[in-house]
Amino acid sequence: MTSTTAFWLAGRQATGETTFDVTSPWDGRTVGTVSVPTDAQIEDAVSAAHAVREDFAATPAHVRAAALDHVSRRLVERTEEIARLISAENGKPVKWARGEVGRAVSVFRFAAEEARRFNGGEAQRLDTDAGGQGRLAFTRRFPKGVVLGIAPFNFPLNLCAHKIAPAIAAGAPIILKPAPATPLSGLILGELLAETELPAGAWSILPVPNDRMPALVQDERLPVISFTGSETVGYAIMDSVPRKHCTLELGGNGAAVVLADFASDEDLDRAAQRIATFSNYQGGQSCISVQRVIADASVYDRLLPRIVAAVEAQVTGDPNDDATDVGPLVSEAAAQRVESWVDEAVGAGAKLLTGGKRDGASYAPTVLTDVPAEATISCEEVFGPVLTVRKVDGEAEAFAAVNDSKYGLQAGVFTHDLGTAFRAHRALEVGGVVIGDVPSYRADQMPYGGAKQSGVGREGVKFAMDDYTYERVMVLTGIAL
């Protein structure tokens, strides 16, 4: 890459008339300078995607699969370089950034596999009624059109991968808008895609400022929008284009439930360690990080000190250091917001057991108890390294506490009981229930998304491909079965 990173317009490098700097949230240094597309260049990208949509949908599966396999292999080859880039622009500790690259490797590999088997077609006999005698229905899926993918800052590579890879696998052109705070990781994917034989117009990566996003959202040539980000922005997008197909992966305030049967010292040590790790692992900037711990009264007094000790053992500091567990938030403004929410809760009567201190963009891993139900940190997604712990009496009260939220992304339930696991799966109003662990587990091939205000639709490669396509039926007449 040159000192000014180009964007990708219909599969080729391009530069605009202005640039912006990407800075490290850890030390403020300039990580890179990015060229901004002009309005005319954005129009070129949209026009090219719209023009190629039918040809790209007809591209042989082996061509799309080969391109996706290529990106997966190249990510492996460049893992350390890309992990360092993620860490530099996002502030994520490099050990977690390596994990993110590994997940993106899997996303493109899964997409290559799905491209080879997707849309094979399904036959359905229609002579089950007399009027259908001699007829056969054949159903295939076809792309709805060009996808506008809008990615967030917290997983600047992997969540770009989750927009791009399923679209290419399904034969849908995609225009990706990476987050302005972290565009460099997404632009790396452009480098790798440019090494493939995908047709011009099949993909563009445009680092467009947020204030120019509405024009893209409104463009009728982009009938599918896949957005990951805040509840406020996501629903504003959906409300502005009610006739478009929108997939929204929005916020959460993930709960980890620790029930009475998870009571041995070994159990509680493990639960505390997993909770501490995954309330802080991306600086808390994950939609499925642990924000709420709901513990049965029978284990609460033994669990709480273990959680505090495990949180205090998290290594904070320079994200470039392999030993660091918790780096800075994406910006000082983000850390200031977290600070204000914690201060509000403490002022309303919450007990601060550890943490509660800010240094620039960094916020110390924090544990609170006795948090009032009306406190912002109880109701909203904190998106920072803050954990609240609550005591309940029994399974029913625990499950009710999980559901007492406008969000419903994922929940974790620490239990050994199979019956409890199935009751949790039935009772909890969330998109995913993780038994025996925190809510922070995500396999990139599984359906991922939420209930209530956590969004609509599902990510996960195959499920996103279904979302980007629709069924079209052909009825054959004069068929002898």
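Conventions used here
Residues numbered from 1 in each chain as written. Predicted model: local features only at pLDDT ≥ 70, side-chain atom pairs only at ≥ 80, totals over all residues. Heavy atoms only, no water. 1 Å grid on protein atoms, 1.4 Å probe; cavity = no way out; pocket = protein on both sides within 12 Å on 5 of 7 lines; lining within 4 Å. Points joined across faces, edges and corners; volume = space filled by probe spheres on them. Helix = DSSP H or I, 4+ residues; strand = E, 2+ residues; numbered from the N terminus. Nonpolar A, V, L, I, M, F, W, Y, C, P; charged D, E, K, R; others polar. Axes fitted to C-alpha atoms, helices over the stretch in contact; angles between N-to-C directions. Left-handed = near helix turned anticlockwise from the far one by under 90°. Contact = heavy atoms within 4.5 Å. Disulfide = S-S within 2.5 Å. Pairing = 2+ DSSP bridges. Phe/Tyr/Trp six-rings, centres within 6.5 Å; stacked < 30°, edge-to-face > 60°. Buried < 20%, exposed > 50% of the residue type's maximum accessible area, 1.4 Å probe, protein only.

Undergrad: I'd like to hear about empty space enclosed by the protein, residue by residue, with values.
TA: Counted under the stated rule, the structure contains 3 cavities of 30 Å³ or more. Of the volumes computed, that of the largest cavity is approximately 60 Å³. Every residue along the wall of the largest cavity is listed here: Gly252, Asn253, Gly254, Ala255, Arg292, Val402, Tyr407, Gly408, Leu409, Gln410, Ala411 and Val430. Of all the secondary structure elements, the ones that give two or more residues to the lining of the largest cavity are strand E20 (407–408) and strand E21 (410–414). Classifying every residue of the lining of the largest cavity gives 6 nonpolar, 5 polar and 1 charged.

Undergrad: Which residues make up the packing of helix H5 (residues 158–170) against helix H15 (residues 461–468), and what values do they have?
TA: At a minimum axis distance of 9 Å, the contact between H5 and H15 shows a crossing angle of 65 degrees. As H5 packs across H15, the resulting crossing turns out to be right-handed. Facing H5, whose interface residues are His162, Lys163, Pro166, Ala167, Ala169 and Ala170, H15 presents Val461, Ala464, Met465 and Tyr468. Classifying every residue of the contact of H5 with H15 by side-chain character gives 8 nonpolar, 1 polar and 1 charged.

Undergrad: Can you break down the state of the cysteines residue by residue, with the values?
TA: Inspection of every chain in the model, using the stated rule, returns 0 disulfides. Among the cysteines around cysteine 246, which has no disulfide bond, cysteine 287 carries the closest sulfur, lying 17 Å off.

Undergrad: With reference to specific residues and values, describe the sheet that holds strand E14 (residues 292–296).
TA: The mixed open sheet is built from 7 strands, whose spatial order is E15-E18-E19-E14-E13-E21-E22. Each edge of the open sheet is held by one strand with a lone partner, namely strand E15 (351–354) and strand E22 (432–435). Strand after strand, the sheet turns through a mean of 25 degrees between neighbouring axes, direction not considered. Sheet topology note: the E21/E22 ladder contains 4 bridges and is parallel. The residue of E22 that forms the bridge with alanine 411 is valine 433.

Undergrad: Describe the packing of aromatic side chains, naming the residues involved and giving the relevant values.
TA: If you walk through the whole model with that rule in mind, you get 6 aromatic pairs. Look at tryptophan 96 and phenylalanine 278: their rings are 5.9 Å apart centre to centre, the planes differ by 70 degrees, and that puts the pair in the edge-to-face class. Of this pair, tryptophan 96 sits in helix H4 (residues 94–117) while phenylalanine 278 sits in helix H9 (residues 265–280), placing them 182 residues apart in sequence. Of the residues examined, phenylalanine 278 reaches a relative accessible area of 11% and is grouped as buried.

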